[in-house]
Amino acid sequence: MKAYRAALLRFDSAGQPVHDTDGLLLTAPDASGTERVLACGAWPALAHLLQTPETQGVTVQHWPGKLIAPGFVDTHVHYPQVDVIGSPADGLLPWLENYTFPAETRFADPVHAKAVATVFLDELQRNGVTTALAFATSHPTSVDALFAAAQARRMRLITGLCLMDQNAPDGLRNPPSAPGRNDAAEHSLAQSAELIDRWHGTDRLGYAITPRFVPTCSDAQLRGAGELAARYPDVWVQSHVAENRDEIAWVRQLHPQARSYLDVYHRFGLLRERTVYAHGIHLDDTDRALLRDTGSAVAVSPTSNLFLGSGLFDFEAAQRSGHLHGLASDVGGGTSFSPFETMKAAYFTGRMALESQGGTPKPGLSLKPAHLWWLHTAGAAQSLGLAGVVGNLVPGAEADFVVLDPQATPLLARRTAAARSLDELLFAFIILADDRAVADTFLA
């Protein structure tokens, strides 16, 4: 058993925050060696657990003045885009063409893929992110490199081979099984199945069937991806939807018979539980109901949406419809690995005036600090179908947590010292904190 004492933050079954100013977290390994939460609560209520014969000699790691919180969950991030973060562009499609696609072609080299995987996971961990649903590239070497690096850290990570057999540059488009053949779609799906068999469910790793987005996938590839999802119901599905108006117009040209961008995926059997679509900015209520009814989720990526000028996610409509959604960095379109930056951008997005379908401005939404935090921890885990597994400190959960320092910078220290409530404390972190506030990150 291991014991940790500090202030504690966690969430109840209704998503409401539970805060102990002096708390105790007890963990122990299961049969596989994964550390799990045994108990979590107020020190006065749980201290007696350290007085039993079984706990004799257990040393309490004490962090006075610090906050133990659930590890952050990033529902959408691109590991091959680490080196293009902060690249200027006029919008999504020019950004992909000029920066993203050229960078991703380099991941055919296993040495390069391994080196970037290390940097990528270092950045996640340094910023307190303990679970990520990540894009790799169209090269199996990129998938193997990221899985191997995450496995070495015992990190919970989900990724998969990027499917893109059309409208993509040479070196990035899925290749056929042999020169002269015309079976790129079939070959990429066979490679995906091989990677599922090799990695999915190994330690804390999960596989995601990953069509990049509709324009880069042929009908045959999308159809095959849906069939693969039906064949492996416990793997994830991830892609992009309704991010940019130019992208939406392109999809409409390619699939004029579909009701909407999201409907294209639905027609190919790619909406179900454990399915996460990034962005979802330009959806209507029919789309949102479809997400809700199929158990599919949206990964909300506010720093990316603001950086690329894609639009503003409608948090109010998402809450009204009840579809799953969680926060995401979307690095490298996103501008930071830091969950604090993501939560801050989500707050700004909610506050900014949005337009209804009729074009009538409506007042912005003030997202509560605890709810923003939930959307990046327990709520994000729920979006991934991992509620109670990660993203929260509850008995039985994997012991992923962060130790946060409210005195990491002079201004943060001054503001947190004056906080009169939990909301004020959490909001001070959201607005003022960065990676310096993450004193330590624990992975199971």
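Whatever comes next refers back to the structure up there.
Residues numbered from 1 in each chain as written. Predicted model: local features only at pLDDT ≥ 70, side-chain atom pairs only at ≥ 80, totals over all residues. Heavy atoms only, no water.

Asks: Honestly, the overall build of the chain in this entry has me stumped. Any pointers?
Replies: Scanning the chain from terminus to terminus reveals 16 helices and 17 strands. Rg of the C-alpha trace for the chain: 22 Å, near the compact-globule value of 22 Å for 444 residues, within the 12% margin. Summarising its shape, the C-alpha atoms of the chain cover approximately 70 × 50 × 40 Å along the three principal directions. Within the chain, the fraction of its 444 residues that count as buried is 60%. Long-range pairs, those at least 24 residues apart, make up 73% of the contacts in the chain between residues at least 6 apart in sequence. Counting only carbon and sulfur atoms, one obtains 51% of the accessible surface of the chain, whose full area is about 17100 Å². (Helix = DSSP H or I, 4+ residues; strand = E, 2+ residues; numbered from the N terminus. Rg over C-alpha atoms; globule rule 2.2 N^0.38 Å. Buried < 20%, exposed > 50% of the residue type's maximum accessible area, 1.4 Å probe, protein only. Contact = heavy atoms within 4.5 Å. Areas by Shrake-Rupley, 256 points an atom, 1.4 Å probe, with all protein chains shown as cover.)

Asks: What should I look at first to understand the sheet that holds strand β4 (residues 60–70) in this one?
Replies: Hydrogen bonds between backbone atoms are what pair the strands of a sheet, whose relative direction is either parallel or antiparallel. Reading across the sheet, the six strands line up as β3-β2-β1-β4-β16-β17 and stay open at both edges, with mixed pairing between neighbours. Every interior strand has two partners, whereas the edge strands, β3 (35–42) and β17 (438–442), have only one. Direction aside, neighbouring strands of the sheet carry axes that sit 35 degrees apart on average. Where β4 and strand β16 (residues 401–404) come together, four bridges link them in antiparallel fashion. Following the sheet pairing, Ala-69 is matched in β16 by Val-402. (Pairing = 2+ DSSP bridges. Axes fitted to C-alpha atoms, helices over the stretch in contact; angles between N-to-C directions.)

Asks: It is not clear to me how the side chain of Asp-263 should be interpreted in this structure. Could you clarify?
Replies: Residue position: Asp-263 is located in helix α8 (residues 261–267). Owing to a relative accessible area of 13%, Asp-263 belongs among the buried residues under this scheme.

Asks: Which parts of the structure should I look at to understand the environment of Leu-365?
Replies: In this structure, Leu-365 sits in the loop between β15 (361–362) and α13 (369–375). On the basis of relative accessibility, which here comes to 24%, the residue Leu-365 falls in the partly exposed class. Between the C-alpha atom of Leu-365 and that of Ala-408, which follows or precedes it by 43 residues, the distance is 30 Å. Apart from the residues within four sequence positions on either side, Leu-365 is in contact with Phe-315, Glu-316, Gln-319, Gly-350 and Arg-351.

Asks: Just checking my understanding: could you explain the nonpolar core for this structure?
Replies: For soluble globular proteins, nonpolar side chains are generally found buried alongside one another. Residues Tyr-79, Phe-120, Phe-340, Trp-373 and Phe-429 are the most contacted members of the largest nonpolar core, which totals 108 residues. Listed in part, the 15 residues of the second largest apolar core include Leu-133, Ala-278, Ala-297 and Ala-299. (Core = buried A, V, L, I, M, F, W, Y, C linked by side-chain atoms within 4.5 Å.)

Asks: Explanation requested: the environment of Val-300 in the structure shown.
Replies: Position of Val-300 relative to the elements: it lies in strand β12 (residues 297–300). Spatially, the C-alpha atom of Val-300 lies 8.8 Å from that of Tyr-277, the residues being 23 residues apart in sequence. With residues near it in sequence (within four places) discarded, Val-300 still touches Phe-313, Phe-315, His-325, Gly-326, Leu-327 and Ala-328.

Asks: Explain helix α6 (residues 219–231) here, please?
Replies: Residues lying three or four places apart along an α-helix face the same way, a consequence of the helix completing one turn every 3.6 residues. Taking 1.5 Å per residue as the helical rise, α6 with its 13 residues ought to reach 18 Å, and the 18 Å between its terminal C-alpha atoms agrees with that figure. Tucked inside the fold, the buried residues of α6 contact β8 (162–163), α5 (184–199), β9 (205–211), β10 (236–241) and α8. (Expected span 1.5 Å × (residues − 1).)

Asks: Where do I start with the side chain of Thr-409 in this structure?
Replies: Tracing the backbone shows Thr-409 in the loop between β16 and α15 (410–417). The exposure class of Thr-409 is buried, given its relative accessible area of 11%. Side-chain polar atoms of Thr-409 contact the backbone nitrogen of Leu-412, separated by 3.2 Å. (Polar contact = N/O pair within 3.5 Å; in protein donor to acceptor, adjacent residues only side chain to side chain.)

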